[in-house]
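# Topology and contacts: notes
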Amino acid sequence: MKSISLPFVAKLALVLLSIIMLGYLAVIGKTLLSPLFFSLLMAFLLLPLANFLERKLKFRRTISSITAVTVMIVFLYSILYFLANQLSELWADWPLLVKEVTTAFHDIQLWISKTFQINTNKQRIYLTDGLEKSLATSAVVIGTTLLTLSSSLLFLAFTILFTFFILNYRSLLFRFLTTVFAEEHKTKVSEIVKEIQRIIRKYVTGLFLQMVIVSSLMMITLSLLGVKYAILLGLIAGIFNIIPYLGISTALLIGTLITFATAGASQALFVVFVFIGVHTLDGNILMPLVVGSKVKINALFAFIGIIIGEMVWGISGMFLCIPYLAMLKIIFEKVEGLKPW
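Heads up: these notes are all about the structure in this document. (Residues numbered from 1 in each chain as written. Predicted model: local features only at pLDDT ≥ 70, side-chain atom pairs only at ≥ 80, totals over all residues. Heavy atoms only, no water.)

## Describing the nonpolar core
Among the nonpolar cores identified, the biggest contains 34 residues, and Leu41, Leu167, Ile196, Ile200, Leu320 and Met327 are the most heavily contacted of them. When contributions to this core are tallied by element, the ones reaching two or more residues are α2 (30-55), α3 (61-92), α6 (138-168), α8 (186-224), α12 (299-313) and α13 (315-334). Looking at which element gives the most residues to this core, the answer is α13, with nine residues. Excluding anything up to four places from it in sequence, Met327 contacts Leu40, Leu41, Phe44, Ile196 and Ile200. Judged by nonpolar contacts, the second largest core, of 21 residues, contains Val227, Tyr229, Leu233 and Val271. (Core = buried A, V, L, I, M, F, W, Y, C linked by side-chain atoms within 4.5 Å. Buried < 20%, exposed > 50% of the residue type's maximum accessible area, 1.4 Å probe, protein only. Helix = DSSP H or I, 4+ residues; strand = E, 2+ residues; numbered from the N terminus. Contact = heavy atoms within 4.5 Å.)

Spelled out as structure tokens, the structure:
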């Protein structure tokens, strides 16, 4: 068949149209695609365990897949259970937190009154107006919270089911990928699939190892400084650190507020220094050592990918963008016409 050479403007229009269509499909298919993409990562991570159960222990494919998914469920439940216990301790001290925040709020009021010559009555009027507006939208906030909770449970259920199906039917999926392309491309497709499987498994493993190390460093350092809820703050830092760049900032804000409310400004300042120190160590040593060597993505495009992922799929999109950028990079490197990308 004779190839058709299109002008640059036509090619640009087709590329932009394709991007818009894919983006629209990603937005409307969030409920299905987000857990499916996450399940694919989990399947890559659990694949060695499933293969071990089949080859060494002679498990059937279905039994090995169920066992691997059960291990994942137990692991996730353990983390959530431990986190819930720590949060229950924080909830027990909630009256103390409210008291400390109230005291700090009054101190801020006095400082504003002295510095900007705005008396406390005017400040109360501003706050009352803001509170009335907030109460007017409280029903919307509660509805959004319940919707988020139900969406999270739905996401978790879909993830577990999809992970099982991907593991159970992995041979069929692999055979489909190698047969859907022309005969001369089968070898290259097989190489790409195996390379993606290897890189993503190492990436997810490295990310988990990074989370454990960051959590341990935070817990040990904060415990030595006598910071209350050191274990909770360390766990929050490790979990939020999974989201590149933005996660550690959110964890720093949460940790500083909790410490300020329970121990005062001096220990809150210590927490800030600890977060900055651990993040510096993580960014310059841990990240390149256990994660960065597995997925080499340009920092600028990684940050752009995180923003786009958050716009499309929220927090799950922020986490998924880096491994799937790595997948695209592997595909582009192997396909001749896509190498510039």
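## Considerations on the pattern of salt bridges
With the rule as written, the count across this model stands at three salt bridges. In this structure, Arg61 and Glu54 form a salt bridge, with 2.6 Å as the shortest nitrogen-oxygen distance. In this structure Arg61 comes out as partly exposed when scored by relative accessible area, which is 27%. Of the residues examined, Glu54 reaches a relative accessible area of 17% and is grouped as buried. A salt bridge links Glu54 to Arg170, with the nearest nitrogen and oxygen atoms 2.6 Å apart. Residue Glu54 is located in helix α2, and its partner Arg170 is located in helix α7 (residues 170-179); the two are separated by 116 residues in the primary sequence. One exposure class covers both Glu54 and Arg170, and it is buried. Three or more residues joined by partner-sharing salt bridges are found here, namely Glu54, Arg61 and Arg170. (Salt bridge = Lys/Arg side-chain N within 4 Å of Asp/Glu carboxyl O.)

## Brief notes about the packing of aromatic side chains
One pass over the full model with this rule turns up nine aromatic pairs. Grouped by ring-pair contacts, the aromatic residues Phe37, Trp313 and Tyr324 constitute a single cluster. (Phe/Tyr/Trp six-rings, centres within 6.5 Å; stacked < 30°, edge-to-face > 60°.)

## Looking at unusual backbone geometry
The general pattern is negative phi for most residues beyond glycine and trans for most peptide bonds. In this structure, Lys58 takes a positive phi of about 60° despite not being glycine. Within the secondary structure, Lys58 sits in the loop between α2 and α3. Classification of Lys58 as exposed rests on a relative accessible area of 66%.

## Structural notes on the packing of α2 against α13
One way to put it is that α2 packs onto α13 with a least axis distance of 11 Å and a crossing angle of 55°. Taken together, the axes of α2 and α13 are oblique relative to one another. In the crossing of α2 with α13, the sense of the turn from one axis to the other is left-handed. Residues Ser34, Phe37, Phe38, Leu40, Leu41 and Phe44 of α2 form the contact with α13, whose participating residues are Ser316, Phe319, Leu320, Pro323, Tyr324 and Met327. Among the residues forming the contact of α2 with α13, the class breakdown is ten nonpolar, two polar and no charged. (Axes fitted to C-alpha atoms, helices over the stretch in contact; angles between N-to-C directions. Parallel < 35°, antiparallel > 145°, perpendicular 65-115°, else oblique. Left-handed = near helix turned anticlockwise from the far one by under 90°. Nonpolar A, V, L, I, M, F, W, Y, C, P; charged D, E, K, R; others polar.)

## Thoughts on a nonpolar patch on the surface
Taken together, Phe8, Val9, Leu12, Val15, Leu16, Ile19 and Trp341 make up a surface patch of nonpolar side chains, about 770 Å² in accessible area. Positionally, Trp341 belongs in the segment after α13. What makes Trp341 exposed here is its relative accessible area of 65%. (Patch = residues over 30% accessible without salt bridge, like charges linked within 9 Å, V, L, I, M, F, W, Y side chains within 5 Å. Areas by Shrake-Rupley, 256 points an atom, 1.4 Å probe, with all protein chains shown as cover.)

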